[in-house]
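# Observations on the model geometry
Each chain, letter by letter, is given below.
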Amino acid sequence: MSDWNRPIIEEFRANGGKVGGPFEGADLLLLTGTGVKSGRPHVTPLGYLERDGVLFVFASNAGAPDDPAWYRNVRADPRVTVEIGAETFDGVALPVDGDERDRIYSLQGERVPAYAEYQRQTDRVIPVVALHRASAAGRAWALGDELARIHDDLRGRLADLRAEILAVPDGRAARAPDLGRRLREHCVSVCDVLGEHHDGEEARAFPRLAARFPGLAPVLARLRREHVQVTETRRRLLELVEDPGDHDPARVRAELEGMIGRLEAHFAYEEEQLGGVLNAVGPLWRSGPPELEARDGAAG
Ligand SMILES: [Fe+2]
Ligand SMILES: [Fe+2]
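Predicted model only: the values in this text are computed from it and were never measured. (Residues numbered from 1 in each chain as written. Chains lettered and ligands numbered in written order. Predicted model: local features only at pLDDT ≥ 70, side-chain atom pairs only at ≥ 80, totals over all residues.)

## Observations concerning the sheet that holds strand 1 (residues 28–34)
The strands that make up a sheet are held in pairs by hydrogen bonds between backbone atoms, and each pair lies either parallel or antiparallel. With antiparallel pairing, the six strands of this closed barrel are ordered in space as 1-2-3-6-5-4. Strand-to-strand twist of the sheet, defined as the mean angle between neighbouring strand axes without regard to direction, takes the value 45°. Summarising the sheet, strand 5 (residues 87–96) and strand 6 (residues 128–133) pair through six bridges and their orientation is antiparallel. Note that in strand 6 the partner of Gly91 across the bridge is Arg133. Those strands touched by helix 1 (residues 6–14) are strand 1 and strand 2 (41–51), and its axis lies near 65° from that of strand 2. Each of strand 2, strand 3 (54–58), strand 5 and strand 6 touches helix 3 (residues 98–111); the most contacted strand, strand 2, lies at about 85° to it. (Pairing = 2+ DSSP bridges. Helix = DSSP H or I, 4+ residues; strand = E, 2+ residues; numbered from the N terminus. Axes fitted to C-alpha atoms, helices over the stretch in contact; angles between N-to-C directions. Contact = placed C-beta atoms within 7 Å.)

Here it is in structure tokens:
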């Protein structure tokens, strides 16, 4: 916390959410997010407006030209903790767009004229952020868990393919006449499901995450680069098993081990970076979930 905020935060916590001095009587809450760069908790006192059971906060930065740090943080990770009065709850911070944003901001400007003044001072459209209760959202659309389930299914298919190849004695296809057919069956199953899954991520899940959470851009860029690498390995693997004359198990095995290693690292990184965010926002994704593209072509 900054030196400026520290005494406010301490007074807030010591007095059940009440603060005197310049903030006497103001509606104040404490928002804790995660620092984009530091990865550490970042506490900020913020004025709020409550409407229909939802809390709204305003990235005014007192009319400064730049967005405040707390706002940049929730644009990378919307999972927050909210302290209001003596209560603390886990929340999900999502910006409000369009007419809804304008309506909420002018309400706040009427209640607290300083906010109308902040908007006059800056060219930024001051963002309005809704703080939803994570518990109220439920687990209906735990998209992060769904992502992990799809990955687990792919991990299983890759393990089957690997076992198939390891079962072949060293040597060429001449000594394992049906290797080509069996490899093709497994490869086509793995490669099709994987291709569909990545296409779904690129076409739907990633663009939606990018639009909602600009702070995730470096993570999404890395995941896209990894998809390109996986596609290239997939193509080589399919070439190997499509060539009926030369099924060299050692070469197929080496390609496959490389592909499995890259995929395991990719799945782990994707789950680590996106799993929590997807679980948090899934239930609140009003325009529908970002399909992650499931196994066997089924939705879910
Ligand atoms: Fe992926
Ligand atoms: Fe994935």
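Still more ground to cover, so stick around.
## Comments concerning the packing of helix 3 against helix 4 (residues 113–121)
For the pair helix 3 and helix 4, the least separation of the axes is 4 Å and the interaxial angle reads 125°. Judged by the angle between their axes, helix 3 and helix 4 are oblique. In this structure, helix 3 uses Tyr105, Gln108 and Gly109 to contact helix 4, whose residues at the interface are Pro113, Tyr115, Ala116 and Gln119. Partitioning the contact of helix 3 with helix 4 into residue classes produces four nonpolar, three polar and no charged. (Parallel < 35°, antiparallel > 145°, perpendicular 65-115°, else oblique. Nonpolar A, V, L, I, M, F, W, Y, C, P; charged D, E, K, R; others polar.)

## Describing the confidence of the model for the protein
The predicted model of the protein has a mean per-residue pLDDT of 83, with 84% of residues at 70 or higher. This model gives residues 293–300 a pLDDT under 50, and the stretch forms 13 contacts once residues within four places in sequence are excluded. (pLDDT = per-residue confidence, 0-100.)

## Focus: helix 6 (residues 143–166)
With 24 residues, helix 6 should cover 34 Å at 1.5 Å per step; its first-to-last C-alpha distance of 34 Å lies within 8% of that length. Taken as a whole, helix 6 has its buried residues at Leu143, Gly144, Leu147, Ile150, His151, Leu161 and Ile165. (Expected span 1.5 Å × (residues − 1). Buried ≥ 20, exposed ≤ 12 C-beta atoms within 10 Å, placed from the backbone.)

## Here's the deal with unusual backbone geometry
Even without being glycine, Asn61 reaches a positive phi, approximately 50°. Along the chain, Asn61 turns up in the loop between strand 3 and helix 2 (69–74). Accessibility expressed as a C-beta count within 10 Å gives 19 for Asn61, which makes it partly exposed. The phi angle at Ala62 is positive, at roughly 55°, despite the residue not being glycine. Among the residues examined, Ala62 registers 11 C-beta atoms within 10 Å and is labelled exposed.

## A short note on the pairing of strand 1
The two faces of the sheet receive side chains in turn, since in a regular strand these alternate between them. Counting buried residues along strand 1, five of its seven residues qualify, which places the element largely inside the surrounding structure. Looking at chain direction, strand 1 and strand 2 are connected through seven bridges and run antiparallel. Paired with Thr34 across the two strands is Pro41, which belongs to strand 2. Between strand 1 and strand 2, which pair antiparallel one after the other, the connecting turn spans six residues, and Gly39 there sits at a positive phi close to 70°.

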